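Below, each chain spelled out in residue letters.
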Amino acid sequence: MTKRHVFVLEARKENLPSIAEFIGEHLAGQGFSEKEIFEVGLAVDEACSNIILHGYAEGEGQIEVELAVSPERVTVSLKDSGVPFNPLTVEPPDLCDDVDQRKVGGLGVFIIKKTMDSVGYEYRDGKNVLSITKNRSDRPGD
Amino acid sequence: MEVTTRRHGGILTFTCNGRLDGFGSGILERSIRDALGDDDRSIVVDLDSVDYLSSAGIRVLLANSKALKNRGGMLALTRVQKYPSQVLDMAGFSSVFPRYPAIGEAVRACQRSLEPDDLLVDILAETRDLPGLTLSIEQGSSAPAELVVTGDLEDILHARLVPEKVRTMDFANTAYALGLGAMGSSIDDALPFMGEMVVLHGSIVWLPTDGHDTPDFFTPLKSSDEVKMYTGYAVTLKGHFHEYLTIESKSPEGVTMAEIYRVLFARAKERKKPDCLIAVAMWGICAGLESSGIRKAPVASSAPEDGRSILDREHYDEWMAHDAKPRYHGDTLVTFGIGINPAPDAAQQPGDAQNLLYYRHPGNPPGEGMFLHNQGVVFRNVLYEPTAGLDSQIKKIVTTGEFVDMRHLLDTTRLKKGKVGVAYISGIRSDPVSQTPDTLDLFT
């Protein structure tokens, strides 16, 4: 059985904490570990930050966050009607130790890929749709 | 996100409470920008109450870490919690930001990173311990220095400026001067806007009396006759500084201009130099600028009807913009000024210095026993480098610094630390155009 929750919000930086709250609220008590909840929250936050900074750079818009929780996994779909952009094409950052050489570009997408088990993007009905999935660790391969 | 800013052992420490996400990191970024002084090289970011860090937070930490490294310092993290620590590791920042378990360790690491510079200062000059401040002295020029006075101070104090009394000024070839002036294409253009002025190595900064309270900064790229600087009164230093002093206040509140000049007069006496008149340029870290500058051009048509000075009690508020609320903490302050010490133990009486330079400024506390006239220019984002030479550093600041403000300083203006150039003035020349005798030698 899959439970679905939808949260629509204005794409503004000050709303980032309430997205985290939404994720935390609906994943708590569903059998996910604290670390898994943290990582889903982090990935969603990074994805939303990208939409706020780049998708709606010139104006206002909304982000729709849909959470699908099943006994095996959680999938979060993020929809926005900003500039069409596939974040999965972003070059991975160079992870060297020298402060002078380090850049932050691409770090958000890198974190999403690193923390999630699968990530998908499509442009559908004039909207960017990014779906990210985290499997529950105690049920591998289900 | 809440950010609390404190200093531990002189090192700025930012204690964050909340989420360092795209929103919270903006608050941290502003807090750092607001608090970072031009003499700060290292900071500590305390993440004890931060359970969430995203790439936006890393972005702010990285940008500041790079900027501080360029200043020869570092950004140290302390008390990093479990998940933020995992994010740093995951993102490949494990060894980019040094992390310390306790604030004290992070502060000590920052202090250690600054030590080589302090050692260098000690080697360069002998350091003295005075009440309230430490002082080190380096020798400068041994040639005599004098002041050239253009115009008549009385014409300013009694608002008697007319076009015939206004002169042009060759500021592009002047190192240090102060007074009253305006830029314009003609005398008639400039006269109504005559305001506080200072020249620093060929750049002019002036505060037009046009009611906007916004100073202009001008550096000529090449000599040009199109725009001229007109002055009704100017004091120009001819000669070089005899000594360079590096001062550092023992308290974060800093030392006042009056206290610094008192030290300089004492030093003059010790050197058996003429201690009644000195010209002083400083560059340092501001610990509160207080000002009072002229707000109307002292032209004859505006003169007080009672014939009294514009600085008289009943005219002061109308003529002077008095602002004793300390401003610009941590920013870079460059000053040029003169000081007269009429104390009974002065080696010589100021003589004509009294007539050509002295006036009583009611904005300064009475009973200081000395007269100071200083103009200050505020810059931002210029690293404080105590080992740099004063003149070359002032040149660098006026050409590359971010200009913020210019004011006529009250003696209560404070500096946290600074480098001071002192010229012990051995003569005053009145510029021939002001209709007074050519040469007035004070000490002959």
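Given the structure is predicted, the values throughout are model-derived calculations rather than measurements. (Residues numbered from 1 in each chain as written. Chains lettered and ligands numbered in written order. Predicted model: local features only at pLDDT ≥ 70, side-chain atom pairs only at ≥ 80, totals over all residues. Heavy atoms only, no water.)

Colleague: How would you summarise the interface of chain A and chain B if you had to cite specific residues and measurements?
Modeller: In this assembly, 27 residues from chain A lie in contact with 25 residues from chain B. For the pairing of chain A and chain B, the buried interface totals around 2400 Å² over both sides, and the portion due to carbon and sulfur atoms is 64%. Summed over the three residues of chain A that lose the most area to chain B, namely Phe38(A), Val99(A) and Val104(A), the buried surface amounts to 27% of that side. Between Arg19(B) and Asp45(A) there is a salt bridge, with the nearest N and O atoms lying 3.6 Å from each other. Between the two partners, chain A and chain B, sit four residue pairs in polar contact (both at pLDDT 80 or more). Every element with two or more residues in the side of chain A that touches chain B is listed here: helix H1 (16–27), helix H2 (34–55) and helix H3 (107–115) of chain A. Looking at which element gives the most residues to the side of chain A that touches chain B, the answer is H2(A), with seven residues. Taken together, the residues of the side of chain A that touches chain B break down into 12 nonpolar, three polar and 12 charged. (Contact = heavy atoms within 4.5 Å. Buried area = accessible area lost by both parts, 1.4 Å probe. Salt bridge = Lys/Arg side-chain N within 4 Å of Asp/Glu carboxyl O. Polar contact = N/O pair within 3.5 Å; in protein donor to acceptor, adjacent residues only side chain to side chain. Helix = DSSP H or I, 4+ residues; strand = E, 2+ residues; numbered from the N terminus. Nonpolar A, V, L, I, M, F, W, Y, C, P; charged D, E, K, R; others polar.)

Colleague: Quick rundown of the sheet that holds strand S5 (residues 99–100) of chain B? Include the residues and the values.
Modeller: All names here are of chain B. Taken together, the five strands give an open sheet; going across it, the order is S1-S2-S3-S4-S5, and neighbouring strands pair in mixed fashion. The open sheet has two free edges, formed respectively by strand S1 (2–8) and S5, since each of these has just one partner strand. Most of the contacts of helix H1 (residues 24–35) go to strand S2 (residues 11–20), to which it runs at about 165 degrees, and overall it touches S1, S2 and strand S3 (43–53). (Pairing = 2+ DSSP bridges. Axes fitted to C-alpha atoms, helices over the stretch in contact; angles between N-to-C directions.)

Colleague: Explain the pairing of strand S23 (residues 414–430) of chain B to me, using residue names and the numbers behind them.
Modeller: Residue and element names in this part refer to chain B. Across the 17 residues of S23, 13 count as buried, placing the element largely inside the fold. Note: strand S8 (residues 145–151) against S23, five bridges, orientation parallel. Bridge pairing in S23 links glutamate 146 to glycine 427. Sheet topology note: the strand S15 (residues 243–249)/S23 ladder contains six bridges and is antiparallel. Across the sheet, the residue bridging to glutamate 243 is valine 422, located in S23. Two strands pair when backbone bridges link them, and strand S16 (residues 255–256) and S23 are joined in this way by two bridges, in the antiparallel orientation. Bridging across to S23, valine 255 finds its partner in leucine 415. Direction of pairing for strand S17 (residues 277–286) relative to S23: antiparallel, over a ladder of nine bridges. Note on S23: the bridge partner recorded for glycine 284 is glycine 418. (Buried < 20%, exposed > 50% of the residue type's maximum accessible area, 1.4 Å probe, protein only.)

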